[in-house]
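# Fold and geometry: a report
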Amino acid sequence: MWKRYLLALILTLGIFGSAFYMEYRLDEQRVAMIRASENDISIDILSSQTQFELLGNLECGTTTQSTALSSELDTLGSRLSVAENNLGSKNDEVVSLKKQYSLLEIKDFILAQQIAAKCHQKPVFVLYFYSNAGDCPDCSREGDVLTYLRQQYPALRVYAFDYHLDLSALRTLSSIHELKEQLPALIINNRQPVYGFKTLDDVEALIPELKATATSTKKTATSSVTR
Amino acid sequence: MNIGVLGVYVCIFVGLYFEVFLLISFFEKRPPQKTKTLPTYYPTVSMLVPSYNEEKTIAATIDSLLALQYPEDRLEIVVIDDGSKDRTREIVAPYLANPHVKYFYKENGGKYTALNFGIEHTTAEIIGCLDADSFVSEDGLIEMVKKFESDPTIMAITPAMKVYRPRKLLELMQAVEYTFGIFYKKMFDNISAISVLPGPFSLYRREVFAKVGPFHHAHNTEDMEIAFRMHLHGLKIANAHTAYVHTTVPSSVRALVKQRTRWAQGYLQNSQDYSYMYFNRQYGNFGMLALPFGLFAFCAGLFTASYMLYHLLTYVGGRVYSLATTHIPPHLPHPHLEWFYFDTSMLTFLAIATVGMTFVAVILGQKISQTSLSIKSFFSYFLLFGFIAPIWLARAAWGAIRSKESVWREQ
């Protein structure tokens, strides 16, 4: 009789082991996909940057490429969010991916600004600083507001940064804007940082340019800026 | 990992262990198919039909007993009217022309008193109980008697219970549950740990009552308590999976919850009365496995349901709070259809494994009892059961805490 009890225990442990292994392998695959995606975006940004430098006075028709790049970055952001939820925000792999993602965001931000200046465009950039270390209870709701805004205004570009990420380029970006540790914080079109939770109406009032950029195209974005 | 998630893992581990254990039991000792052999000896049988306001079903119940393939002079049908206020007496009256049908009327005292009354007023070797809302298949009694004959140490036998004409969604759900029960009961028979002798068509050798005494009130679950007491006295209970009985089941949520609350609360209160049998090697697999697992399943069901409800309410509450304070108009979230966004956590795979094993158990139950279930039945079971069961678990727990007696019928 005890053999039956033991066999049942071994098989149950086997099922648990298999479930654990499947979770591990799929998370590993996710990380690999994010890594590959980051490499692709990195090449795309480098290519756009090089093209910009080569041409000097870029033909403005090519700026659509940068828009597509921004969309890829958004997708990458939401995928990274899934990985962070699954593996935890302190996971080394996640931290490394987040750093690379933040670098790509900064590079895209710089490039997009340069293109906008050359092509006399008036895009709206929002740098959003959040924390998911438990010290920012309003960050989740602020993320909801920005995600919804981006769905309503496709021209709006939101770059989300984890304030506590140990990345020198990010620290430089913060110090340029004299950012204080009061989260959530928004930097809209390089103006003075705005601190604390802002409702949808507040943010719309803070960005009057949105009305001008609204193309009435109610495209839906696929990503979230919250983590 | 927080304590809630850890608790869910423990629940799933024990649940899976139990399912694996039963499946091993099945493959070690596969239940034999029904054969056409007949018993060499036909013991006298008294079929007791305790009834209280059963005017709708009593006639069909008696008809099913009269249609049993069994020597007429060896079978008597005894209707014990437990103080019915409806037309039960009138409906039974025509049947009394048959010398093998008897009718007794007594003051209402509860089902167990009706059964004890029947035992006192009969002399047959085998005492059978059949609820007045159940119908036996024609060869049901023969199959039970064959089982008694196969092993003289068997003192009581349970049948394979099926749902009578399931049509409504809740009845279909119970049809799957009862089929799972057929598998479950057969496997418990394999390990001598059957914990209930259900009202619909359980049979006892008369000496059982001489050894363990009559039925008790037992928190309105006399059919469960007598099984506890039989294990206490080392009397063997078996299952005849080839003897089919069809029983009517509640078709409304309210009636179902009321019935199941009575069963579950009875289990809790009887467990308390017989707590010394838990983890007691003296009572074999009944004490070591069936009782502890039953109680654990009760607690696990409540815990998991509470955990899921808490998360659902937290999520919905969070979304409502977010929408209300952010001033974002209500809108549907954008669905992600790529596998990347699917929940592939260990918990998901374990939940799939648990549901998969339950499905296998139901299929095996179907096979051994020659039952056929529709796809709709499976859907209703997997969609509804998890939502309804926690209601009666919670009510039973609350009732047991307050020690409030549940009622078996509208007495």
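Residue positions within a chain follow its written sequence, with the count starting from 1. Whichever chain is written first becomes A and whichever ligand is written first becomes 1, with later ones labelled in order. A pLDDT threshold of at least 70 governs which residues receive local features in this predicted model, and a stricter bar of 80 or more applies before side-chain atom pairs are shown or counted, although totals over entire chains, interfaces and linings include all residues. Only hydrogens and water are set aside when side-chain values are computed; all heavy atoms of the structure are taken into account.

This part covers the domain arrangement of chain A. Residues and elements named next belong to chain A. Under the domain assignment used here, chain A contains domain 1 (1–121) and domain 2 (123–227). Note on contacts: a residue pair is in contact if any heavy atoms of the two residues lie within 4.5 Å. At the interface, 24 residues of domain 1 touch 23 residues of domain 2. Between domain 1 and domain 2, roughly 2000 Å² of surface is buried when both sides are summed, and carbon and sulfur atoms account for 60% of that area. Salt-bridge detection follows one rule: a side-chain nitrogen of Lys or Arg within 4 Å of a carboxyl oxygen of Asp or Glu. The tally of links between domain 1 and domain 2 comes to 3 salt bridges. A salt bridge links Asp74 to Arg150; the nearest nitrogen and oxygen atoms lie 3.1 Å apart. Side-chain atoms alone can form a polar contact between residues adjacent in sequence; in general such a contact is a pair of N or O atoms within 3.5 Å, and within protein one must be able to donate a hydrogen while the other accepts it. For the pair domain 1 and domain 2, the interface holds 6 residue pairs in polar contact (both at pLDDT 80 or more). For helices the rule is a DSSP run of H or I covering at least 4 residues; for strands it is a run of E covering at least 2, with both sets numbered from the N terminus onward. Counting residues per element, the ones that place at least two in the side of domain 1 that touches domain 2 are helix 2 (63–87) and helix 3 (92–119). For the side of domain 1 that touches domain 2, the element with the highest residue contribution is helix 3, accounting for 13 residues. Across the side of domain 1 that touches domain 2, the residue classes tally to 7 nonpolar, 11 polar and 6 charged. Domain ranges listed in this record stem from an automatic or a database domain assignment. Values labelled buried area give the accessible surface lost by two parts on being combined, using a 1.4 Å probe and summing over both. Residues are grouped as follows: Ala, Val, Leu, Ile, Met, Phe, Trp, Tyr, Cys and Pro are nonpolar; Asp, Glu, Lys and Arg are charged; all remaining types, including Gly, are polar.

Attention now moves to the pairing of strand 2 (residues 156–162) of chain A. Side-chain direction in a regular strand flips from residue to residue, so the side chains alternate between the two faces of the sheet. All names here are of chain A. Partly exposed describes any residue whose relative accessible area lies between the buried limit of under 20% and the exposed limit of over 50%, with all areas from a 1.4 Å probe on protein chains only and scaled to the type maximum. Burial analysis of strand 2 places 7 of its 7 residues in the buried class, the great majority of the element. What you see with strand 2 is no split at all: Leu156, Val158, Ala160 and Asp162 on one side and Arg157, Tyr159 and Phe161 on the other are buried throughout. For two strands to be treated as a pair, DSSP must find at least two bridges joining them. Across 7 bridges, the pairing between strand 1 (residues 124–130) and strand 2 is parallel. Bridge pairing in strand 2 places Tyr130 opposite Asp162. Crossover strand 1 to strand 2 through helix 4 (residues 139–152) is right-handed. We call a crossover right-handed when, viewed with the strands running away from us, the connection from the first strand over the helix to the second turns clockwise.

What follows is about the pattern of salt bridges. Residues and elements named next belong to chain A. Enumeration according to the criterion identifies 25 salt bridges over all chains in this entry. Close ionic contact of Glu28 with Arg25 constitutes a salt bridge, the shortest N to O distance being 3.4 Å. Of the two residues, Glu28 and Arg25 both sit in helix 1 (residues 2–55), 3 residues apart, roughly one turn of that helix. You can call Arg25 partly exposed: its relative accessible area is 41%. In this structure, Asp108 and Arg157 form a salt bridge, with 3.7 Å as the shortest nitrogen-oxygen distance. Separated by 49 residues along the polypeptide, Asp108 in helix 3 and Arg157 in strand 2 bring together distant segments of the chain.

With that settled, consider the environment of Lys367 of chain B. On the secondary structure map, Lys367 of chain B appears in helix 11 (residues 346–369). Remark: the alpha-carbon pair of Lys367 of chain B and Phe378 of chain B, spanning 11 residues in sequence, is separated by 15 Å.

Turning our eyes to something else, we now look at unusual backbone geometry. With an omega dihedral of 0°, the bond running from Leu183 of chain A to Pro184 of chain A counts as a cis peptide bond. With respect to the secondary-structure elements, Pro184 of chain A resides in the loop between helix 5 (168–176) and strand 3 (185–188). Not every positive phi belongs to a glycine, and Asn189 of chain A is a case in point at roughly 45°. Position of Asn189 of chain A relative to the elements: it lies in the loop between strand 3 and strand 4 (194–195). You will see that Asn53 of chain B, though not glycine, has its phi angle at about 50°, which is positive. Locating Asn53 of chain B in the fold gives a position in the loop between strand 1 (45–51) and helix 2 (58–66). Assessed through its relative accessible area of 31%, Asn53 of chain B is described here as partly exposed.

Attention shifts here to the sheet that holds strand 1 of chain A. Residue and element names in this part refer to chain A. Ordered by their spatial adjacency, 4 strands build an open sheet running 2-1-3-4, and the pairing between neighbours is mixed. In this open sheet, the two strands that pair with only one neighbour each are strand 2 and strand 4. Pairing analysis gives 2 bridges linking strand 3 to strand 4, with the strands arranged antiparallel. By the bridge assignment, Ala185 is partnered in strand 4 with Tyr195. Only C-alpha atoms enter the line fits that serve as axes; for helices the fit covers just the stretch in contact. Angles between N-to-C directions range over 0 to 180 degrees. Helix 4 rests against strand 1, strand 2 and strand 3 of the sheet, and its axis sits at about 160° to strand 1.

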